[in-house]
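Survey of secondary and tertiary structure
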Amino acid sequence: MKIQKTLSVLAIASAFASIASAQQHKFEIDAKTFGYRNVASIESVADFETFTGKTNGVTGYIAFNSKTKVGSGKIVVDPKSIDTGIPLRNEHMQSAGWLDTTKYPEIVFEAAKVQAIKGNDYKVTGSFTLHGVTKKITVPVTVRYSAAGPANKAAGFEGDIVRLTTKFNIVLADYGITIPQMAAGKVAKDVTISLSTYAISK
Amino acid sequence: MGLKLQKLFKGVGMAAAILGALGALSIPFVHQSYEAKSILTQRVQVDSADKLFNDGPTAIGSPQKMIIEDPKAVVGTKDGVRLVNDAYLQSHHIYPLQLKTVDFTLENARTGFVAVCAFGWLILLLIYRKQRREQLKAEALTTDSEPS
């Protein structure tokens, strides 16, 4: 009797777990097919000029439930592919004195806690890794969902998709990146990181 | 100092003072001409998927006052901000000039011109003082040598 009861509790628990996992869809950031649509950028507003480094090198996944608005995810940006519009500046940006992309080939954000704010807006807390330094940050994120259908197909997507956008500031010194005296006035101490990415259901 | 050298320094001083003053005075006009050409611009990535969520194109960075002379780069306007296609700029190797870069450079140039002008005036002042001293010396000698 006792064994039967335990088994039934386990069965119910496993049923709930499978429902929960079924509800949380996994969306993949397909860098090969739709890489050109995903944009990560870093903007520095300094006295001399404002420059923006841009890359389509974004990969990762978003696990998201459009009904319960619960989710998680991991976004990886390839810093080697960041283009500032000037080849020499790209070289400097990737060098050991700056992002040191040979030693730290990934910029990563991994969500740990997602809090729904209003509509499609969320507050996501997670670990952000840049230049080998990981810090816990909270960023504003907008996630929008579009179910598979003619509209998605017209835009070139097969299946359900989510679009994730975010924008937040970081202080470079917090991540061990110091601006040489020579570049003072040309590079800001704090930069804005933006991301706009599409992820497709798998 | 010989008379020839004095003349040369006087010429250099005068040229520096005039050029420095003209340069410093021309800065506002140069600024105006660049400002007239610059427009608040947002670089964007254009994609057919933009319509899916009724979004505009994806913004790359923030709007800046820029000078872009190729009209083919412009893809539209939003809230008074000109939208330019980033892919077009990249494929045509256009790195837009920002008004703030022009202003920064002009501000440094103004400081340089004022310094050159001041240097010119300083040379002229030193020469004038030297000439005045020599003139007074000569006058004193003339007075001394006159019979009483």
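That block above? That's the structure.
Attention shifts here to the overall build of chain A. In terms of helices and strands, chain A carries four helices and ten strands. The secondary structure elements of chain A, listed N-terminal to C-terminal, are α-β-α-β-β-β-β-α-β-β-β-α-β-β. Within chain A, the fraction of its 202 residues that count as buried is 43%. Residue pairs in contact within chain A that sit at least 24 positions apart in sequence constitute 56% of those at least 6 positions apart. Carbon and sulfur atoms make up 59% of the accessible area of chain A, which amounts to about 10800 Å² in all.

So, about the side chain of Arg-37 of chain A. When you line up the elements, Arg-37 of chain A lands in the loop between helix H2 (31–34) and strand S2 (39–45). Here Ala-155 of chain A takes part through its backbone oxygen, which lies 2.6 Å from a polar atom of the side chain of Arg-37 of chain A. Setting aside residues no more than four positions away along its own chain, Arg-37 of chain A makes contact with Ala-155, Gly-156, Phe-157, Ser-196 and Tyr-198 of chain A together with Gln-45, Asp-47, Ser-48 and Ala-49 of chain B.

Residue and element names in this part refer to chain A. Per the stated rule, a full pass over the model turns up seven aromatic pairs over all chains. Here the aromatic rings of Phe-64 and Tyr-122 are separated by 6.0 Å at their centres, their planes lie at 85°, and the arrangement is edge-to-face. Remark: Tyr-122 occurs in strand S7 (residues 121–130) and Phe-64 occurs in strand S4 (residues 58–65); sequence separation between them is 58 residues. Where Phe-128 meets Tyr-175, the ring centres are 5.6 Å apart and the plane angle is 85°; that geometry is what we call edge-to-face. Taken together, the positions of Phe-128 in strand S7 and Tyr-175 in the loop between strand S9 (161–171) and strand S10 (190–201) put the pair 47 residues apart, joining distant regions of the chain. For Phe-128, a relative accessible area of 3% puts it in the buried group. The side chain of Arg-89 reaches across the aromatic face of Phe-51, ending 4.2 Å from its centre.

All names here are of chain A. With the rule as written, the count across this model stands at two cavities of 30 Å³ or more. Roughly 430 Å³ of volume is contained in the largest cavity. Lining the largest cavity are 33 residues, and of these Ile-75, Phe-109, Leu-164, Thr-166 and Leu-195 lie nearest its centre. Looking at which element gives the most residues to the lining of the largest cavity, the answer is strand S5 (residues 70–77), with six residues. Each residue belonging to the lining of the largest cavity can be placed in one class, and the counts come to 25 nonpolar, seven polar and one charged. Roughly 30 Å³ of internal volume is contained in the second largest cavity. Contributing to the lining of the second largest cavity are Pro-79, Leu-99, Tyr-104, Glu-106, Ile-107, Leu-130 and His-131. Of the residues in the lining of the second largest cavity, the class split is five nonpolar, one polar and one charged.

All names here are of chain B. The N-to-C vectors of helix H1 (residues 3–37) and helix H3 (residues 99–145) enclose an angle of 155°; their axes lie 7 Å apart at closest approach. Taken together, the axes of H1 and H3 are roughly antiparallel relative to one another. Like other packed secondary-structure pairs, H1 and H3 cross with a definite hand, here left-handed. Of the residues contributing to the contact of H1 with H3, the split by class is 22 nonpolar, seven polar and six charged.

On the surface, Leu-5, Leu-8, Phe-9 and Val-12 of chain B cluster together to form a nonpolar patch covering roughly 350 Å² of accessible area. Residue placement: Phe-9 of chain B occurs in helix H1.

Okay, the sheet that holds strand S1 (residues 39–45) of chain B next. Residues and elements named next belong to chain B. Strand order in the open sheet formed by five strands is S3-S4-S1-S2-S5, with mixed pairing between adjacent strands. In the strand order of this sheet, the two ends are held by strand S3 (74–78) and strand S5 (97–98), each with one partner. As paired strands, S1 and strand S2 (residues 58–67) are joined by six bridges and run antiparallel to one another. Its bridge partner lying in S2, Arg-43 is registered against Ile-60.

Residues and elements named next belong to chain B. For Asp-79, which is not a glycine, the phi torsion comes out positive at approximately 50°. A relative accessible area of 74% means that Asp-79 is categorised as exposed. At His-93, a residue that is not glycine, the phi angle is positive and equals roughly 50°. Residue position: His-93 is located in the loop between helix H2 (86–91) and S5.

Calculation rules
Residues numbered from 1 in each chain as written. Chains lettered and ligands numbered in written order. Predicted model: local features only at pLDDT ≥ 70, side-chain atom pairs only at ≥ 80, totals over all residues. Heavy atoms only, no water. Helix = DSSP H or I, 4+ residues; strand = E, 2+ residues; numbered from the N terminus. Buried < 20%, exposed > 50% of the residue type's maximum accessible area, 1.4 Å probe, protein only. Contact = heavy atoms within 4.5 Å. Areas by Shrake-Rupley, 256 points an atom, 1.4 Å probe, with all protein chains shown as cover. Polar contact = N/O pair within 3.5 Å; in protein donor to acceptor, adjacent residues only side chain to side chain. Phe/Tyr/Trp six-rings, centres within 6.5 Å; stacked < 30°, edge-to-face > 60°. Lys NZ or Arg CZ within 6 Å of the ring centre and 35° of its normal. 1 Å grid on protein atoms, 1.4 Å probe; cavity = no way out; pocket = protein on both sides within 12 Å on 5 of 7 lines; lining within 4 Å. Points joined across faces, edges and corners; volume = space filled by probe spheres on them. Nonpolar A, V, L, I, M, F, W, Y, C, P; charged D, E, K, R; others polar. Axes fitted to C-alpha atoms, helices over the stretch in contact; angles between N-to-C directions. Parallel < 35°, antiparallel > 145°, perpendicular 65-115°, else oblique. Left-handed = near helix turned anticlockwise from the far one by under 90°. Patch = residues over 30% accessible without salt bridge, like charges linked within 9 Å, V, L, I, M, F, W, Y side chains within 5 Å. Salt bridge = Lys/Arg side-chain N within 4 Å of Asp/Glu carboxyl O. Pairing = 2+ DSSP bridges.

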